[in-house]
Amino acid sequence: MADEILVLDQVRKAYNVGTSVETEVLHGIDLVMRRGQFLALMGPSGSGKSTLMNIIGLMDRPTGGRYHLDGIDVGKLGDDELSRLRGRLFGFVFQSYNLVPRLTALEQVELPLVYQGVTNRRKRAIAALRQVGLAERMNHRPTQLSGGQQQRVAIARSLVVSPRVILADEPTGALDTQTSHEVMALFAALVDERDITVIFVTHEFDVAQHARRIVRMSDGRVVEDGVTADVVARRLAAGVPGVMPAPASVTGQAAAG
Ligand code: ADP
Ligand code: MG
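Let me begin by describing the structure that accompanies this report. Because the structure is predicted, anything quoted here is derived from the model rather than measured. (Residues numbered from 1 in each chain as written. Chains lettered and ligands numbered in written order. Predicted model: local features only at pLDDT ≥ 70, side-chain atom pairs only at ≥ 80, totals over all residues.)

## A look at the packing of helix 5 (residues 147–159) against helix 6 (residues 177–194)
Rules: Whenever a helix is involved, its axis is fitted only over the stretch in contact; in every case the axis is a line through C-alpha atoms, and angles between N-to-C directions fall within 0 to 180 degrees. Secondary structure counts use DSSP, requiring at least four H or I residues in a row for a helix and at least two E residues in a row for a strand, with both numbered from the N terminus. In this scheme, roughly parallel covers angles under 35 degrees and roughly antiparallel covers those over 145, while 65 to 115 is roughly perpendicular and the rest are oblique. Handedness of a helix crossing follows the sense of rotation of the near helix relative to the far helix, less than a right angle counterclockwise being left-handed and clockwise being right-handed. By definition, residues are in contact whenever their C-beta atoms, placed on the basis of the backbone, come within 7 Å of each other. Basically, the charged four are Asp, Glu, Lys and Arg, the nonpolar ten are Ala, Val, Leu, Ile, Met, Phe, Trp, Tyr, Cys and Pro, and anything else, Gly included, counts as polar.
Between helix 5 and helix 6, the shortest axis-to-axis distance is 10 Å and the interhelical angle comes to 20°. Relative to helix 6, helix 5 is oriented roughly parallel. Considering the relative orientation of helix 5 and helix 6, their crossing is right-handed. Contacts between helix 5 and helix 6 involve G147, G148, Q151, R152 and I155 from the first element and T179, E182, V183 and L186 from the second. Of the residues belonging to the contact of helix 5 with helix 6, the class tally is three nonpolar, four polar and two charged.

Pasting the structure below:
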C-alpha cells in the first residue's frame, strides 16, 4: 500500500468546448504505480496522453474519479497545496527541453532551487549535471549543446529537486534514434539508482522498450497495460512493423519484468 505512489481510480476529464457542450476526453482511467516503476505511455495523437500526464503532475484537475498521490486524496486539496505538492514530488521533462536561452547549463539546473529558496544550490546543481554526464559542459548555453545534451540538462533540472516522480511527455520526440536510446538509458539508470518513478510518453515501440511496463491508450481509455516484453511480443506476433531489436541490456530488464 505505502509502496503505491500513484493511484488513479476512474479518472475522467471533460472540457467545455464552446457554450454548453461538454466533451469527455478521459473516460475513466484506472492506473496504479509503485515506487521505482518505469512506465511508457503510448497511444495515437489525441488519445489523451498529455491530458493524463497533466492530471498526474497536478497541472490540471480531473472532472471525475479519484486520484491518490503518495496516500493523499488530491481532490481535497486547494490550489496552493497542490502546487506545493507538485514542487515537492515531481520533476518534468518536455519534448522541447524548455531551457532558458541565455542561461548556462549550471544556471538552468540551479533555477528550480532558486524558486525553492535552497542555499547549497551550486553543489546540488553540479551533482545533478554529473549524474547526467554533463559536468564538463556546465558553462555551456543551450545553443552550444546538441539536442541530446540539452535534454540531459533538462533531466538534470528535473532531478535537482530530488523528485519522487519524473513525468516526461515525449522526451525523445525531437531526438535522433541513437540519442533517444541514450536518454532512455539515462532514465533507466535513475530508476535503478534513485528509486525514482518515471512515466514517459513515446510514439515509438523501440523507445518504449526501455521501460518495464507499457500502458497503451486509445480514445481516452487504457486499452493495454502489461510488462514490456509481453506487449512487444504480442505486437510482433500480430505482425506490426516498426519494432526494432532491443539492446541486450534492455532485453534483460524487460525479461526480468
Ligand atoms: P495526446 O497527448 O494523446 O495527443 P491530448 O491529451 O493532448 O492527447 O488530447 C486529448 C483530447 O483532448 C484531444 O481530442 C484534444 O483535442 C482534447 N483537448 C486537450 N486539451 C484540451 C482543452 N484545453 N480544451 C478542449 N479540448 C482539449
Ligand atoms: Mg500529447
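## Here we look at the sheet that holds strand 4 (residues 64–69)
Applicable threshold: Paired strands are those between which DSSP finds at least two bridges.
The strand order 2-1-4-5 describes an open sheet built from four strands, whose pairing is antiparallel. Where the open sheet ends on each side, the last strands, each with one partner, are strand 2 (21–34) and strand 5 (72–73). Sheet topology places strand 1 (residues 4–17) next to strand 4; five bridges connect them, and they run antiparallel. Along strand 4, the bridge assignment pairs L6 with L69.

## As for the sheet that holds strand 9 (residues 213–218)
Ordered in space as 6-7-8-3-9-10, the six strands form an open sheet in which the pairing is mixed. Strand pairing shows two members of the sheet lacking a second neighbour, strand 6 (90–94) and strand 10 (221–227), which therefore form its edges. Adjacent strand axes in the sheet meet at a mean angle of 15°, parallel and antiparallel pairs treated alike. Two elements, strand 7 (residues 165–169) and strand 8 (residues 197–201), share five bridges in a ladder whose sense is parallel. Across the sheet, residue V165 finds its bridge partner in strand 8, namely T197. Its contacts with the sheet place helix 5 against strand 6 and strand 7, and it is angled at close to 165° to strand 6. Contacts from helix 8 (residues 228–237) reach strand 9 and strand 10 within the one sheet, and its direction differs from that of strand 10 by about 110°.

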